[in-house]
Each structure stands twice: as C-alpha cells, then as structure tokens.
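Next come the chains, spelled out residue by residue.
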Amino acid sequence: MSRATKYLTAAKFVGGVYLARAQIAYWARVRRDLFSRLIYPADRTDPYEIYELMRARGPLLPTRLGNYSTTSHRLSSEVLRSRNFGVSPADGGEDLIHQDLLDLSLLTLNPPDHTRIRRLAAPAFTPRRMTGFRPLVDQAIHRLLDRCEQDREFDLMAAFASPLPIAVMTRLLGLPDDPARFRRLGSTIAQGLDGIWSLKQAKVLSQADAELRDTFADLLSRRAEDPGDDLVSALVQQQGAALNKHELAALVRLLLLAGFETTVNAIGNGMRWLLADREQWELLVADPSRAEAVAEEVLRFDPPVQQTVRVAHADVELGGVTIAKNQWVLPTTGYHLTARFGMSGGLWSSNHTGLDFAAPSGTPIVAVADGTITKTGYDGSYGNKTVETLKDGTEIWYCHQSVFSVQPGDRIRGGHRIGSIGATGNVTGPHLHLEVRPGGGDPVDPYNALVHQGLKP
Ligand code: HEM
C-alpha cells in the first residue's frame, strides 16, 4: 500500500472513528454500559472494578453491537483453544485489529498461514536459544542499573523499564543503537493497538509504521547480502517459497514491537505491587531466587495485556449461548424504536413493512451482517435507500438515509458503516426504516429477525 493510500485509509477510517468514539463515550458515560466503559480510554484507569461488575452479570455478556464479552477463565480458555474461532474472519476480509493501518503478522493470521509462519519463527525461540540470550539481557540490565545508581533518585519507567526491552530487542534483531527513536516508534504503535481515537493519532501512527518499515527494509537487505548468526539472518534465509517478502518484513516488525510495551508494563506493574506489599518485597529481597516466581505471579495477577478478540468460524455453543458465524449486529445505536412491523395508520399506505429506529440525523448506520451492496439510490417514499444482499439471498433495506457510504458491488462485513440516518422520503423525522426480505421477496418482521439472530433491539 502506498503512503498516500495509507493516509487516505487512515483518514476514512478515522471519520468513522470519531463517530464510534462519540457513541462509545455515550454508552460509557450516559448509559453506563460496562463493555463500553472498558474500552473507553478515559474510564480505563481501573479495569478491575469493571471486570467485577461484568462478572456479577454472568460469564457471557452481550455487548451493544451484538457480539459477546467474557470474564470467565473457563470460557476464555475454551475460545482460545477452539479451532472454531480465529483472529480474523474465516473467508478473508478485514481482521479485528485494523490490518489496513498496521500489518501485525501472526497476531492477525488464521491457520494455515499462521501455522506456516509460526513454524518458521519457532526455532528462534526455543528454551535453549532463550538461555543463550541471557548474557545479552544481563549486560543490558547491569548497564542500566549502573546508570541509575549514579543518581540519588531515578524514574523506574523512564530509566529502566522502558529502555530495557528496547536495548535487548534491537540488539537481538541487529537494529541500529538508537533507543530514543525506537521508544517513540514502539509506544506510538502500541497505543494504536489499544484503539485509534483521532485523525492526528492515525497520521502519527501511519508515519511511525512507515519509518519502521524503511528501517527494516534496510536491515533485511543487509542481512540478505551479508548473513550473520542472528535471528533476522535465519529468517531471511527462509524467504522464498516458505515466506514472501511482505510476510517476512511484517514478522520481524512484530517481533520488535510485541516485546516493547508488554515488558515495560510487566516491570512497572510488578514494582507497583511489590512497593504496595512490604512483606512480599522483603521476602524477595531476602531470597532473590524467588524473582522468577514473582515475574510469573505478576503476569497472572496484573498482566500488561488483559483483553483479546476472536471471531467465530462456525456456529458454536459457548456457555449455553450459540455464537453464530457472521453474527448479526444492530444497525445503529442511541436510537428508540418508533414504528413496528404490521402497524397501520394514516402515515402508511398499507401496513408498515419494517422497523423504525429513530435517532438524530447523521447517526451512523452499519450493516447488520456480511453481504454485498446491490442497490443505492432514491426510491420514492423510502427516500435514500441502500439494499444489502446477504449470502443466503436475504435483502436488507436501509431507508431514509441522509448519506450513502457504500456503493453497489461493495462486499461488506456486519458492523461496516453503510451510511447515515436522515429524513429523506416520506417521514415525519429522522429515522432508519429497516426491512428484511428473505430471498428478495415479501418483507418479514425485522424485530423477530433480529431477535432470531440473538439480538435485543
Ligand atoms: C511480559 C511480556 C509479554 C506479554 C504479557 C505478552 C503477551 C502476549 C499475548 C497475550 C499474546 C497473544 C495475543 C492473542 O493471541 O490474542 C502474545 C502473542 C505474541 N507475542 Fe507476546 N507478550 C510478551 C512479550 C513478548 C516478547 C518479548 C515477544 C518477542 C520477542 C513477543 C512476541 C509475541 C508474538 C510473536 C506473538 C504472536 C504469537 C502467535 O500468534 O503465534 N511477546 N503475547
């Protein structure tokens, strides 16, 4: 993807981000929706409080968009181990963490690509290899601690936690010794993984990603010409049939980035708890051989990565609920239902054929499920109308729109923005009139159709 296309993608993406942000803020602040509170940055200072509230409501909570979140260890483990779930939809298409902006290699690949690439990377991370890295890590730790010792006071995060993984990873990968630059790039990209909240952030993120790509392109061509006994040289030798150029570059970038913020925050969290619990601190000081157990316990007790996402590749039973492949989602948020299917009255020439979601003009409308856009245009009393045809031939009509965001021929996923709520056609105020027409025939009650798909409009 060229840089110009990337910026454009970022800008288009961020147009939706501002609206999504306003919606999440509304659900977090006004409606106190737990999942929205968890992902809304301003409310995320203490996630444990929110986890407790979520846990009290049961192991599997539907979110406002119609997918599910779980706080249960058993269910998380079941999902993560099951072959019925993947990190991206089974039939290609958008992944769950903005592949358009960042290529995150293994983190966004399903088998068999994941299996193939993981197999190539695995020999570099055997326990024997890890033990071999120990002198490198020890040396980096001593160098940083010597510097801290010279000052009477030091900031653990800035002087130790943050430079340590950078020193280790850049040396491991043979990158130039420029800690300030890699710290900036690493933290910019890591923050992007937590969500993109403004156009400025998307732009800085794209620039950081481009800078990192150039740095790695340089490194990879040097290693191809002059291989050494290091990790990158070993991976470069796999390039060809087993690993293409882009996959190799993305994998090496991921290896650099994956260890940055994670390790920084594992050290910070660990120190915070040790300082808060004097007894544990003294036990460790009296017997430093407990350090390994302390590190393990910190990762269990207050880990730096606390959430992840998976998508169902088949209809799956989980905690007594069926998680459907291509789970439907609600077409809009912040609405109230006004007219229902089959209602009669002066407004309609015959009985009402859809379900009306009243919301302010400009509120985003998203596709309820995966499908193809088959029509967009003005249609008399329906006003501006988008027709989406699902894989089973069902037509979904989205009517009275102010703006179209898609065009015929676009293949879209459930949750993808297709336009905005408006008041075009025969209306008394802004709303979305939704129709569901199995096989493109007569309409059925959309309320029942949504409930049948596990949603609560
Ligand atoms: C305390 C430090 C770390 C923590 C808490 C951590 C956490 C995680 C988690 C939770 C995942 C799974 C994400 C998912 O599948 O949804 C993951 C994957 C991964 N991590 Fe780490 N990580 C840490 C350090 C590192 C380091 C130092 C590296 C590289 C040198 C690294 C490389 C990776 C890679 C390559 C994956 C993808 C694996 C795959 O999909 O097969 N991580 N990490």
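How each quantity is defined
- Positions within a chain are numbered from 1, following the residues in the order the chain's sequence is written.
- Local features in this predicted model are restricted to residues whose pLDDT is 70 or higher, and side-chain atom pairs enter the listing and the counts only when it is 80 or higher, whereas totals over whole chains, interfaces and linings include all residues.
- Put simply, DSSP marks the helices as runs of H or I at least four residues long and the strands as runs of E at least two long, and each gets a number from the N terminus on.
- Labels follow a simple rule on C-beta atoms placed from the backbone: if 20 or more others lie within 10 Å of a residue's own, it is buried; if 12 or fewer, it is exposed; otherwise it is partly exposed.
- In this description, a residue-residue contact is defined by the distance between C-beta atoms placed from the backbone, which must lie within 7 Å.
- Strand pairing is defined by DSSP finding a minimum of two bridges between the two strands.
- Near, as applied to residues and a molecule or strand, means the residue's backbone-placed C-beta atom lies within 6 Å of it.
- Classes in brief: Ala, Val, Leu, Ile, Met, Phe, Trp, Tyr, Cys and Pro nonpolar; Asp, Glu, Lys and Arg charged; the others, Gly included, polar.
- For our purposes the nonpolar core covers buried Ala, Val, Leu, Ile, Met, Phe, Trp, Tyr and Cys residues that link as a set through C-beta atoms within 7 Å.
- pLDDT expresses, on a scale from 0 to 100, how confident the predictor is about each individual residue.
- Working convention: axes come from line fits to C-alpha atoms, limited for helices to the stretch in contact. Angles between N-to-C directions cover 0 to 180 degrees.
- For classification, angles of less than 35 degrees are called roughly parallel, those exceeding 145 degrees roughly antiparallel, those between 65 and 115 degrees roughly perpendicular, and all remaining angles oblique.
- Here a crossing is called left-handed whenever its near helix is offset anticlockwise from the far helix by less than a right angle, and right-handed whenever the offset is clockwise.
- Residue count minus one, scaled by 1.5 Å, sets the expected span of a helix.
- In this analysis the local bend is the angle between axes fitted, respectively, to the seven residues ending at and the seven residues starting at the residue.

1. Some details on the overall build of the protein
Piece 1. The helix and strand tally for the protein stands at 16 helices and 15 strands.
Piece 2. Expressed as a percentage of its 457 residues, the buried residues of the protein come to 29%.
Piece 3. The contacts in the protein between residues at least 6 apart in sequence include a share of 60% that link residues at least 24 apart.

2. Comments concerning the pairing of strand β15 (residues 431-437)
Piece 1. Burial within β15 is extensive, with seven of its seven residues counted as buried.
Piece 2. The alternating pattern of β15 places H431, H433, E435 and R437 and L432, L434 and V436 on opposite faces, both of which are buried.
Piece 3. The pairing of strand β8 (residues 355-358) with β15 spans four bridges and is classified as antiparallel. By the bridge assignment, D356 is partnered in β15 with H433.
Piece 4. Here strand β12 (residues 395-404) runs beside β15; their pairing, made up of five bridges, is antiparallel. Within β15, the residue paired with Y398 across the bridge is L434.

3. Regarding the site of the ligand
Piece 1. Near the ligand there are 15 residues, and of these L106, A258, G259, T262 and T308 occur at the shortest range.
Piece 2. Breaking the shell around the ligand down by element, the ones donating at least two residues are α12 (245-258) and α13 (260-276).
Piece 3. Residue classes in the shell around the ligand are distributed as ten nonpolar, four polar and one charged.

4. Considering the pairing of strand β11 (residues 384-390)
Piece 1. Judged by how many residues are buried, β11 sits mostly within the fold: five of seven residues are covered.
Piece 2. Examined bridge by bridge, strand β10 (residues 371-378) and β11 share seven bridges and lie antiparallel to one another. Of the residues in β11, the one forming a bridge with K375 is V387.
Piece 3. Counting the residues in the hairpin turn of β10 and β11 gives five residues, including G380, whose phi is positive at 50°.
Piece 4. Bridging between β11 and β12 involves five bridges; their strand directions are antiparallel. Looking across to β12, one finds that T389 is bridged to E395.

5. A word on the nonpolar core
Piece 1. Among the nonpolar cores identified, the biggest contains 28 residues, and I166, V232, L235, L248, L251, V252 and L256 are the most heavily contacted of them.
Piece 2. Contributions of two or more residues to this core are made by α8 (163-173), α9 (179-193), α10 (199-225), α11 (231-236), α12 and α13.
Piece 3. Counting residues per element, this core draws most heavily on α12, which supplies eight residues.
Piece 4. Counting 26 residues, the second largest nonpolar core, distinct from the first, contains L355, V366, A367 and W397.

6. Things to note about the confidence of the model for the protein
Interpretation of the predicted coordinates at a detailed level should be avoided for regions scoring low in pLDDT.
Piece 1. Residue-level pLDDT values for the protein average 84, and 88% of them are 70 or greater.
Piece 2. Ignoring residues within four places in sequence, the model shows residues 7-17, a span with pLDDT below 50, making 19 contacts including any to other chains.
Piece 3. Within the model, the stretch residues 93-100 combines pLDDT values under 50 with 17 contacts to residues more than four positions away or in other chains.

7. Here's the deal with the packing of α8 against α13
Piece 1. Direction vectors running N to C along α8 and α13 enclose 140°, while the axes themselves pass 8 Å from each other. Our classification of the angle between α8 and α13 gives oblique. α8 and α13 meet at a crossing whose hand is right-handed. Contact residues: L164, P165 and I166 in α8; F260, T263 and V264 in α13.

8. Here's the deal with helix α6 (residues 127-150)
Piece 1. Taking 1.5 Å per residue as the helical rise, α6 with its 24 residues ought to reach 34 Å, and the 35 Å between its terminal C-alpha atoms agrees with that figure.
Piece 2. Of all the bends in α6, the greatest reaches close to 35° and is centred on F133; the proline P135 follows between one and four positions later.

9. Let's talk about unusual backbone geometry
Piece 1. Cis rather than trans, the peptide bond between P111 and P112 has omega equal to 5°.
Piece 2. Its location among the elements puts P112 in the loop between β3 (85-86) and α5 (113-121).
Piece 3. A positive phi angle, near 50°, is found at S105, a position not held by glycine.
Piece 4. Along the polypeptide, S105 turns up in the loop between β3 and α5.
Piece 5. The buried category is assigned to S105, around which 24 C-beta atoms lie within 10 Å.
Piece 6. The phi angle at H400 is positive, at roughly 70°, despite the residue not being glycine.
Piece 7. Position of H400 relative to the elements: it lies in strand β12.
Piece 8. Residue classification places H400 among the buried positions, given that 25 C-beta atoms sit within 10 Å.

10. Section: the packing of α10 against α12
The angle between the axes and the distance between the axes are what describe a pair of packed helices.
Piece 1. In the contact formed by α10 and α12, the axes pass within 10 Å of each other and the chain directions differ by 110°. Considering the angle they form, α10 stands roughly perpendicular to α12. The element α10 and its partner α12 pack so that their crossing is right-handed. Counting all contacts with α10, which are made through L212, R213, F216, A217 and L220, the residues of α12 involved are L248, A249, V252 and R253.
Piece 2. Residue composition of the contact of α10 with α12, by class: seven nonpolar, no polar and two charged.

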